[in-house]
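Examination of the molecular architecture
Given next are the chains, with one letter for each unit.
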Amino acid sequence: VSNSLTSTTSTVYIFMNQSAAGALSFNTTPTKVVVTGAGTTYGMDAQDLDGDLKPDIILNQFNASDIFILKNGSSVGQISFPTIIKVPLTGSLNHLTTADFNEDGKLDIAVTSSANDNKVFVLLNQSVSGTISFPSSITLTGGDWPWGIDASDIDGDQDVDIITGNINNNNVANEIVVYRNNGNNTSLSFTRQSIQKGKRSRNLKVGDLDGDGKPDIAYTTVTSNSVDILRNKNCFTPVIIAPPATICAGQTIRIKSISNVAATFDWKKNGTSVKNGIEPFLDITSPGDYSVTATSEASPSCIVSSSSITVPLGTGTLPPNPVLSANTPLCSGQTLNLSVPAVSGATYQWTGPNSFTSILQSPGKASITDDDAGFYILKLSDGTCTVEATIKVDVANLANFFISSSVASNAVCQGSSLNLIVNASSGHTYQWIKGVTDISGQTSPTLLVSQDGVYKVRVTNTALNCSVETAATTVSVLTMPVSAFTPSTNSTCVNQSIAFTNQSTFDSRATVAYAWDFGDGTNSTLQSPTKSYATPATRNVQLNVSYTGVTGCSNVSTKSIAVATAQTPVITATVNTICAGEPSLLSVTGTFSAYAWTGPSTGASSTLNITQPGTYIVNTTETNGCTATAQITIGAKAFVTLSVTADGKPVASG
């Protein structure tokens, strides 16, 4: 589920399906995936884009640029989308859909872009297994504010078209727009066709609503608050598929047209009707010019003929119908052997899945995978006379088995256990292995593990008697952490820093988490923090040591710290005003463990003898480390100024 268009977060919500037969049920607590780099989530689809058999999530933001793809990394019982791929695309994107537009077996993306942009973008899928890639896009001119989007073969030409609804914000036209696929898969393009309906459309869905084999369009209207339906009245056009190059004496070949469930087919040879009915094929036994006419609507205007094909008489001798054999079914990794009895003078042309070709009578293919499963075709030819046969090859893909865990980190504490689970499938047996040794009696899909080790499963296909070992899973059984720490002091003063040295022990394989509680409502996650307190009290400091991702594996230690208010020293003087050289004794009241005097005179005791006026400062330290400061100013006495004068009269000697 994507966010609403008014949301400013980028979260996708996934509700796990827990239904059973006849009872729908979904986990009410969704898995939340934050789409890094996106501001909102809006248009969305879920499809396997890279062929790994897991549906990925494709989405865009509301009225903003870029496509985001959440690559599926889920396992049985565990939903996970660990990788987010951003596909740059400039526009005001709204809704998207997926379809294989160029018939390469990969789902492409089409997305509308509104807000005066008025574009439709088509992104062609160039992903390979495990790697998602959409390197470029095709830009189509949209209607007025294209919004809803879907994909289907509207015109019946076997190519996927694009259909959009348009809000028509500027009231230019009230239309549905169809982009018809040109069918050129190496140079893809689309032709735009507008359907005027007189109503502003918004969201739409395309599907065959009346069972006539042609997709109709259902859409919501903005102006009428209704759901309207456009019935597809396009005439069905028959096309003869892969006509034979020749036909030889005694040979029967079936020629086929593309089908339509509501059409009737009139097959003609050399212009004369030879078969009429609902079957979209004709079995021919002689050369000639062949065509088919389809009637798909009651109206006479919907009678459409295919192009005529010419099937000439072949040269050579028609080979006998080949009888194919193969060592099927097989397990992945084994060698496929195909064979057919030899025909003198004939040539062999084998084709098959995964681009297989061979001109040998009895070819083989080593180390097959599930990509090699499917139908293998042999064309056996003598001159231009060819017969064809098909054989199906089944491959059991044991590579699809994997181990999941009840604990995501695959780590537990001593005394605890976890479950390892292999995805079970009927027709298979399981043998759990620890290291290189089979675990006796452990043959169920689930293994309860309480010991360190590397675990894997040998999966055996009972019908084919072939086995594979899954990728290994390492389980860690961790020793319990022991919390321990030492404060730089057990008693301190307000606003003085204490250093806490962490001395905890733990299992080196674990990711350790520290949670400090300083007893005053503050905390820390540092390994060895520092702390000061603003008020006096006795504080109980706790350190909780745990392992990230491992439940029940933690330990707590506690120590008390006494926090006091520092004693304030008071300085007294025997004389508060002196002359230079005159003594005064300064004394500190209170009990302290250390003193440090500064000023015109210095000292390190509780008293200080001074002989000079000035400002004196004492820094005191208590036994608990608390420090304080006091100062006193000793004034200077005023100097007496003497003035001597004479009257100028002579003074007699003596």
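Just above, that's the structure.
A brief structural summary. (Residues numbered from 1 in each chain as written. Predicted model: local features only at pLDDT ≥ 70, side-chain atom pairs only at ≥ 80, totals over all residues. Heavy atoms only, no water.)

**Focus: the state of the cysteines**
Rules: Any two cysteine sulfur atoms lying within 2.5 Å of each other are counted as a disulfide. Labels follow the DSSP assignment, with helices taken as runs of H or I lasting at least four residues and strands as runs of E lasting at least two, numbered in each case from the N terminus. Here's how the labels work: a residue is buried when its accessible area is under 20% of the maximum for its type, exposed when over 50%, partly exposed in between, all with a 1.4 Å probe on protein chains only.
Within this structure, the stated rule accounts for five disulfides. One disulfide in the model links Cys235 with Cys302; its S-S distance is 2.1 Å. Linking Cys235 and Cys302, the disulfide has an S-S dihedral of approximately -90° and is accordingly described as left-handed. Within this pair, whereas Cys235 is found in the loop between β17 (227-230) and β18 (240-241), its partner Cys302 is found in the loop between β23 (288-295) and β24 (303-305), the two being separated by 67 residues in sequence. Classification of Cys302 as buried rests on a relative accessible area of 3%. Covalently, Cys331 is tied to Cys466 through a disulfide, its sulfur atoms 1.1 Å apart. On the criterion of sequence distance, the pair formed by Cys331 in strand β27 (residues 330-331) and Cys466 in strand β42 (residues 466-469) is long-range, its members being 135 residues apart. Using a relative accessible area of 1% as the deciding quantity, one classes Cys331 as buried. By relative accessible area, Cys466 is classed as buried at 7%. What connects to what in the protein, once the bonded cysteines are numbered by sequence position, is 1-3, 2-5, 4-7, 6-9, 8-10.

**Things to note about the sheet that holds β18**
Which entries qualify depends on this criterion: Strand pairing is assigned whenever DSSP detects at least two bridges linking the two strands.
What the three strands build is an open sheet, ordered β18-β19-β22; its pairing is antiparallel. A strand with exactly one partner marks an edge of an open sheet, and here the two such strands are β18 and β22 (281-284). Pairing analysis gives four bridges linking strand β19 (residues 253-257) to β22, with the strands arranged antiparallel. Its bridge partner lying in β22, Lys256 is registered against Phe281.

Interpretation note: all reported values are geometric properties and have no functional meaning in isolation.
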